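Commentary on secondary and tertiary structure
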Amino acid sequence: MPALVLLGAQWGDEGKGKATDLLGGSVDYVVRYQGGNNAGHTVVVGDQKYALHLLPSGILSPGCVPVIGNGVVVDPAVLLSELSGLEERGVDTSKLLISGNAHLITPYHTTMDKVTERFLGKRKIGTTGRGIGPTYADKINRVGIRVQDLFDESILTQKVEAALDQKNQVLAKLYNRRAIAVDQVVEELLGYADALRGYVCDTTLLLNDALDQDKVVLFEGGQGTLLDVDHGTYPFVTSSNPTAGGACTGAGVGPTRIDRVIGILKAYTTRVGAGPFPTELFDEDGEKLRTIGGERGVTTGRDRRCGWFDAVIARYATRVNGLTDFFLTKLDVLTGWESIPVCVAYGIDGRRVDELPYNQTDFHHAEPVYEMLPGWSEDISGAKEFSDLPKNAQAYVKALEEMSGAPISAIGVGPGRDETIQINSFL
Ligand code: GDP
Ligand code: IMO
Ligand code: MG
């Protein structure tokens with residue numbers, strides 16, 4: 001079973017970092033295939049807590065080679081500071097490999113992200129402000145700067161010139177900002193070249209060779225299915241493809257090579273930033289989920305919006321990703337409710353709808369149809385086997401599995417590596 005994709009089944013922050021880290025010891029390569037440092041993955045190893053943004057969570061497992069694929073957007077300053085932060089804590093980062101085709105986030109991309117959000121005003125997306133959207137826009141517009149460009153000063157200068165020609169007009173005339181000097185950007189970028197050179201290689205060739213040799217490769221998604229630019233709640237999405245297909249384009253492997261697709265699914269729902277969220281809570285239950293679940297963004301420090309579990313979304317994630325398994329996280333957070341509402345369908349303008357509506361207006365009008373499931377009060381954080389869970393917690397998991405369309409193969413009962421109930425092996 002050599003190639004697995006692990007991705008978010010909701011709006012991000014499902015616990016992908018913990019799940020990847022858990023598998024890290026058994027896999028040869030962990031590959032990020034999209035997104036950038038908009039991601040915030042918290043990994044708890046013993047009494048140590050790590051917040052990773054750009055690096056694959058496998059970097060914490062000795063023996064595992066972390067790879068940044070071509071589909072990722074890389075802010076070199078963030079990358080180098082994340083690497084040195086880990087080195088200072090005794091983590092060996094020397095095995096890291098970076099695709100020369102990955103695009104670079106430059107200071108003008110972060111500037112553009114912030115000014116466009118400000119310009120949108122009330123209609124803003126609520127981005128992380130890390131330059132993600134503008135960098136992917138330049139990639140698609142064919143005026144992006146790639147990691148490999150750092151090693152050819154003349155090409156780098158030409159490309160930065162081409163990108164800034166147009167952007168400076170927009171910055172000055174539309175946003176009333178000062179133009180950005182080409183020389184300054186080039187000089188800053190060249191300053192990263194030596195530090196990055198040793199990590200850069202043809203990661204596509206490397207990963208396909210690894211798969212030919214039956215090595216185990218884990219593709220780790222950032223963000224989540226509903227933040228996908230094609231399959232998410234557009235326009236309130238990120239600018240990449242966190243869904244399973246993104247692993248193929250973002251790492252350069254064919255779909256026939258993928259053996260298993262694991263959807264990380266929180267036992268309730270959270271969202272950061274703007275956009276529709278049918279099961280969102282504005283009462284003390286929402287506040288309780290936020291407090292007990294520690295639902296505050298790792299990247300931006302923003303409070304996460306919280307709501308009940310939404311089975312319509314889980315079913316949708318199964319469909320668009322071809323999920324083979326779910327990893328249900330944060331079940332422990334639900335301890336202490338007498339009964340727990342679960343959204344099984346939507347009411348839209350008087351109709352019952354069982355599948356995620358493809359029409360944006362319909363989704364904005366969706367009202368959750370709830371089924372009440374009995375809660376439990378016992379502390380479940382020490383549970384090691386499914387049978388250790390109280391009967392009602394078992395029934396909650398079984399009900400979610402039935403509604404969501406793929407087996408729940410693991411359950412998280414705490415943030416630590418070992419606070420996991422493994423039902424079916426992933427490998
Ligand atoms: P990611 O972006 O998908 O990696 O998720 P985040 O790291 O942003 O958010 C998930 C948070 O939940 C982190 O603080 C994790 O340490 C924590 N976490 C993950 N799994 C569990 C779990 O099963 N129970 C509890 N209580 N916390 C968990
Ligand atoms: P992880 O990997 C949750 C959200 C932002 C915003 C939208 C677009 O930790 O799950 P962007 O900066 O990407 O252009 O912002 O996407 N967003 C996330 N929400 N978890 C994330 O990553 C996210 N990355 C981006 O809040 O609504
Ligand atoms: Mg996160």
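These numbers were taken from a predicted model, which means no experiment stands behind them. (Residues numbered from 1 in each chain as written. Chains lettered and ligands numbered in written order. Predicted model: local features only at pLDDT ≥ 70, side-chain atom pairs only at ≥ 80, totals over all residues. Heavy atoms only, no water.)

Things to note about the domain arrangement of the protein chain
Much of the literature gives interface size as the accessible area that the parts lose upon coming together. What counts here: Where each domain starts and ends comes from a domain assignment, either automatic or drawn from a database. Here, two residues are considered to be in contact whenever any of their heavy atoms come within 4.5 Å of each other. In short, buried area is how much 1.4 Å probe accessible area vanishes from two parts on joining, totalled over both. The term salt bridge refers to a pairing of a side-chain nitrogen on Lys or Arg with a carboxyl oxygen on Asp or Glu at a separation within 4 Å. Polar contact criterion, stated in full: a pair of N or O atoms within 3.5 Å, where within protein one must be able to donate a hydrogen and the other to accept it, and residues adjacent in sequence count only if both atoms are side-chain atoms. Elements are defined by DSSP. Helices are runs of H or I of four residues or more, strands are runs of E of two residues or more, and each kind is numbered from the N terminus.
Domain assignment breaks the protein chain into domain 1 (3-93 + 202-422) and domain 2 (103-197). Summarising the inter-unit geometry, the C-alpha centres of domain 1 and domain 2 are found 29 Å apart. Every contact between the two is made by 26 residues of domain 1 and, on the other side, 19 residues of domain 2. Carbon and sulfur atoms supply 63% of the area that domain 1 and domain 2 bury against each other, a total of about 1800 Å² over both sides. Where domain 1 meets domain 2, there are zero salt bridges. Scanning the region where domain 1 abuts domain 2 turns up seven residue pairs in polar contact (both at pLDDT 80 or more). Looking at the side of domain 1 that touches domain 2, the elements that each hand over two or more residues are β6 (73-74) and α2 (76-88). At four residues, the largest contribution of residues to the side of domain 1 that touches domain 2 is made by α2.

Focus on the coordination of the magnesium ion (ligand 3)
This is how the line gets drawn: Atoms of type N, O and S within 2.8 Å of a metal are treated as its donors, and for Na, K and Ca the window is 3.2 Å; water is not considered, so some sites may appear to be missing partners.
The protein atoms that coordinate the magnesium ion (ligand 3) are Asp13 (OD) and Gly40 (O), at distances spanning 2.0 to 2.1 Å. On the criterion of sequence distance, the pair formed by Asp13 in the loop between β1 (3-8) and α1 (16-24) and Gly40 in the loop between β2 (29-32) and β3 (41-45) is long-range, its members being 27 residues apart.

Let's talk about the pairing of β3
Rule in force here: Only when DSSP finds a minimum of two bridges between them are two strands counted as paired.
Direction of pairing for β3 relative to strand β4 (residues 48-52): antiparallel, over a ladder of five bridges. Each bridged residue has a counterpart across the sheet, and for Val45 the counterpart in β4 is Gln48. Where β3 folds back on β4, the antiparallel hairpin that results is connected by two residues, among which Gly46 adopts a positive phi of roughly 60°.

Considerations on the site of ligand 2
The test is simple: One heavy atom within 4 Å of a molecule or strand makes the whole residue count as near it.
As a matter of local geometry, ligand 2 sits amid 20 residues, with Lys16, His41, Thr128, Gln223 and Thr238 nearest to it. Measuring from an oxygen atom of ligand 2, one finds a backbone N or O atom of Asp13 at 2.8 Å. Both domain 1 (3-93 + 202-422) and domain 2 (103-197) contribute no fewer than three residues apiece to the shell around ligand 2.

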